[in-house]
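Fold and geometry: a report
Below, each chain spelled out in residue letters.
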Amino acid sequence: MSEPTPLARELRRILATEGPISVADYMALCLAHPVHGYYRTRDPLGAAGDFVTAPEVSQMFGELLGLWAAGVWQRMGAPHPVVLAELGPGRGTLMADALRAARIVPAFRAALAVHLVEISPALRRRQQETLAASGVAIAWHDDVATLPEGPLIVFANEFFDALPVHQAVKTADGWHERMVGLDESGRLVRALDPAPLPRFEALLPAHLRPAPVGAVFEWRSDAVVTELARRLVRFGGAALIVDYGHAPSAFGDTLQAVRGHAYADPLEAPGEADLTAHVDFAAIAAAAERAGAQALGPVTQGEFLRRLGIELRAARLKASATPAQREAIDAALLRLTGGGRENMGELFKVLVLGDPRLGLTEVIP
Ligand code: SAH
């Protein structure tokens, strides 16, 4: 057996004294523990890290999102200033590419105030380096609640999948929350909370009722979505959410750990593997609508990028590229827009939340 990670030792202390914790609390500790949390201690992105994201595949991704933002800004009536916020910006690549593309709308570029919501000190440093050349002032936040109040445009790529997820399991005597506890030998194990979740099934989307025994349902706190929606309604603007997951809501245990580009048991190396779970787009849309915002989509990432003109952009880049670069551009285009498990085009989806006064009818303004 491998050595327990520092966080595993700490978790044993916590679980031995306080008893089992929810899967959501476990996930929050694994990712965001102040000392040993996965995102606190490392840059997990790219070939040398644990996973690769769309902005790291190609500059085209961030560029097209920058153009989307410029279109939204015009539709908002070109407010000056406007907050361009990104949730979980990783290495800052998406924002750097978006800002470069935004230069073709100089008034938009001039109106922008960039605000990044990021918990990882390591990634904040990385973002600062990446964005230094862009020549814009950047402010960082731990949470959306401290973003400046005013018109805003928001990007969130692979952010919501990293937010803690709760799991409940249907048994013969009702729904129980899934917990993480210790077995007799002190190992981390899954367990069900003995107390049933009262009236849980009534809260499920209608098409999932009645649920079969053994069904697993996952949900997240609405806090981030509600706060974003409130701001969009009050100050104007739109948010672009790109992630993988299900629309409509569905059953299933989707919690997964990835370490060095390979899947691992989520309980195995706490703090040293990336933990994510599918995003429930229908739940995000419903929470946004409850707060008065409009929800559009989701559409697949492939469709979204094609409608923003990714094929034309690829052709432009290829026109001045070497043969090897041309091959790389084609490979990136396929990866971003293609179907199948090895590509992101159908797996990833795009949901837009907007101020109803924008009168958006589709995900593209
Ligand atoms: N958007 C980037 C990175 C995705 S990884 C890309 O596409 O490449 C997830 C990002 O969210 C990381 O930057 C991570 O540090 C950040 N993050 C995770 N949980 C967070 C939280 N609760 N609050 C703020 N940032 C968080």
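Structure shown above.
Residues numbered from 1 in each chain as written. Predicted model: local features only at pLDDT ≥ 70, side-chain atom pairs only at ≥ 80, totals over all residues. Heavy atoms only, no water.

1. Focus on the overall build of the protein chain
Counting its regular elements, the protein chain contains 14 helices and 16 strands. Principal axes of the C-alpha set define a box for the protein chain whose edges measure 65 × 45 × 40 Å. Sorting the 365 residues of the protein chain into buried and exposed places 53% on the buried side. Counting only contacts in the protein chain whose residues sit at least 6 apart along the sequence, the fraction spanning at least 24 positions is 76%. Only carbon and sulfur atoms are counted for the fraction: they give 55% of the accessible area of the protein chain, which is about 15800 Å². Each charge sign in the protein chain was given a centre, from 35 positive and 42 negative side chains, and these centres are 5 Å apart. (Helix = DSSP H or I, 4+ residues; strand = E, 2+ residues; numbered from the N terminus. Buried < 20%, exposed > 50% of the residue type's maximum accessible area, 1.4 Å probe, protein only. Contact = heavy atoms within 4.5 Å. Areas by Shrake-Rupley, 256 points an atom, 1.4 Å probe, with all protein chains shown as cover. Lys, Arg positive; Asp, Glu negative; His and termini not counted. Charge placed at Lys NZ, Arg CZ, Asp CG, Glu CD.)

2. A closer look at the environment of G338
Mapping G338 onto the fold places it in the loop between α14 (323–337) and β16 (348–354). Sequence spacing of G338 and G302 is 36 residues, and the spatial spacing of their C-alpha atoms is 6.5 Å. With residues near it in sequence (within four places) discarded, G338 still touches L333, N343, M344, G345 and E346.

3. A short note on the packing of aromatic side chains
For the structure on display, the rule yields 10 aromatic pairs. When the centroid spacing of 6.3 Å and the interplanar angle of 85° are considered together, the rings of F217 and F251 count as edge-to-face. With F217 in strand β9 (residues 216–219) and F251 in the loop between β10 (237–246) and β11 (256–259), this pair connects stretches of sequence that are 34 residues apart. Of the residues examined, F217 reaches a relative accessible area of 8% and is grouped as buried. (Phe/Tyr/Trp six-rings, centres within 6.5 Å; stacked < 30°, edge-to-face > 60°.)

4. Some words on the pattern of salt bridges
Enumeration over the complete set of coordinates arrives at 21 salt bridges. The salt bridge involving R100 is made with E63; its shortest N-O contact spans 2.9 Å. Of this pair, R100 sits in helix α6 (residues 93–102) while E63 sits in helix α5 (residues 59–75), and the two are 37 residues apart along the sequence. Relative accessible area serves as the criterion here: at 32%, R100 is assigned to the partly exposed category. A salt bridge links E227 to R230; the nearest nitrogen and oxygen atoms lie 3.2 Å apart. Of this pair, E227 and R230 both sit in helix α10 (residues 223–235), three residues apart, roughly one helical turn. Residue classification places R230 among the partly exposed residues on the basis of a relative accessible area of 32%. (Salt bridge = Lys/Arg side-chain N within 4 Å of Asp/Glu carboxyl O.)

5. Here we look at the sheet that holds strand β12 (residues 262–264)
Ordered in space as β12-β11-β13, the three strands form an open sheet in which the pairing is antiparallel. A strand with exactly one partner marks an edge of an open sheet, and here the two such strands are β12 and β13 (274–276). Across the sheet, the mean angle from the axis of one strand to that of its neighbour is 40°, orientation sign disregarded. (Pairing = 2+ DSSP bridges. Axes fitted to C-alpha atoms, helices over the stretch in contact; angles between N-to-C directions.)

6. Looking at helix α8 (residues 121–132)
An ideal rise of 1.5 Å per residue puts 16 Å on 12 residues; α8 measures up with 16 Å between its terminal C-alpha atoms. Of all the positions in α8, only A122, L123, Q127 and L131 are classed as buried. One side of α8 carries all its buried residues, which in axial view fall inside an arc of 150°. Opposite the packed face of α8, turned more than 90 degrees from it, sit the exposed residues R125, E129 and A132. Residues of α8 that are buried in the fold lie against α3 (38–41), α6, β3 (112–117) and β4 (138–141). At the N-terminal end of α8, a side-chain oxygen is found 3.3 Å from the backbone nitrogen of A122, two or three residues along, and the residue is S120. (Expected span 1.5 Å × (residues − 1). Arc of directions from axis to C-beta. Polar contact = N/O pair within 3.5 Å; in protein donor to acceptor, adjacent residues only side chain to side chain.)

7. So, the site of the ligand
Within the structure, the ligand sits among 17 residues, and T53, G88, G90, E118 and N157 are positioned closest to it. Between the ligand and G88, the relevant distance is 2.6 Å, taken from a nitrogen atom to a main-chain nitrogen or oxygen of the residue. N157 places a side-chain nitrogen or oxygen 2.7 Å from an oxygen atom of the ligand. Here the ligand has 570 Å² of accessible area as a free molecule, and 93% of this is covered by the chains. Across the shell around the ligand, the residue classes break down as 10 nonpolar, five polar and two charged. (Near = heavy atom within 4 Å. Nonpolar A, V, L, I, M, F, W, Y, C, P; charged D, E, K, R; others polar.)

8. Brief notes about the pairing of strand β7 (residues 174–182)
Along any regular strand the residues' side chains alternate between the sheet's two faces. Within β7, seven of the nine residues are buried, leaving the element largely enclosed by the surrounding structure. Of the strand pairs in this sheet, strand β1 (residues 21–22) and β7 are connected by two bridges, and their pairing is antiparallel. Paired with I21 across the two strands is V180, which belongs to β7. Judged from the four bridges that link them, strand β6 (residues 166–171) and β7 form a sheet pairing that is antiparallel. By the bridge assignment for β7, K170 is matched with W175.

9. Some thoughts on the nonpolar core
Generally speaking, a soluble globular protein has its nonpolar side chains buried in company with each other. One finds W68, F108, I153, F155, L240 and F304 to be the most contacted residues of the largest nonpolar core, which totals 54 residues. At nine residues, α5 tops the list of elements feeding residues into this core. Once residues within four sequence positions are removed from consideration, I153 is found in contact with W68, A69, V72, W73, M76, V82, V83, L84, A85, F108 and A238. Core analysis: the next-biggest nonpolar cluster, separate from the first, contains 28 residues, A85, F160, V225 and A295 among them. (Core = buried A, V, L, I, M, F, W, Y, C linked by side-chain atoms within 4.5 Å.)

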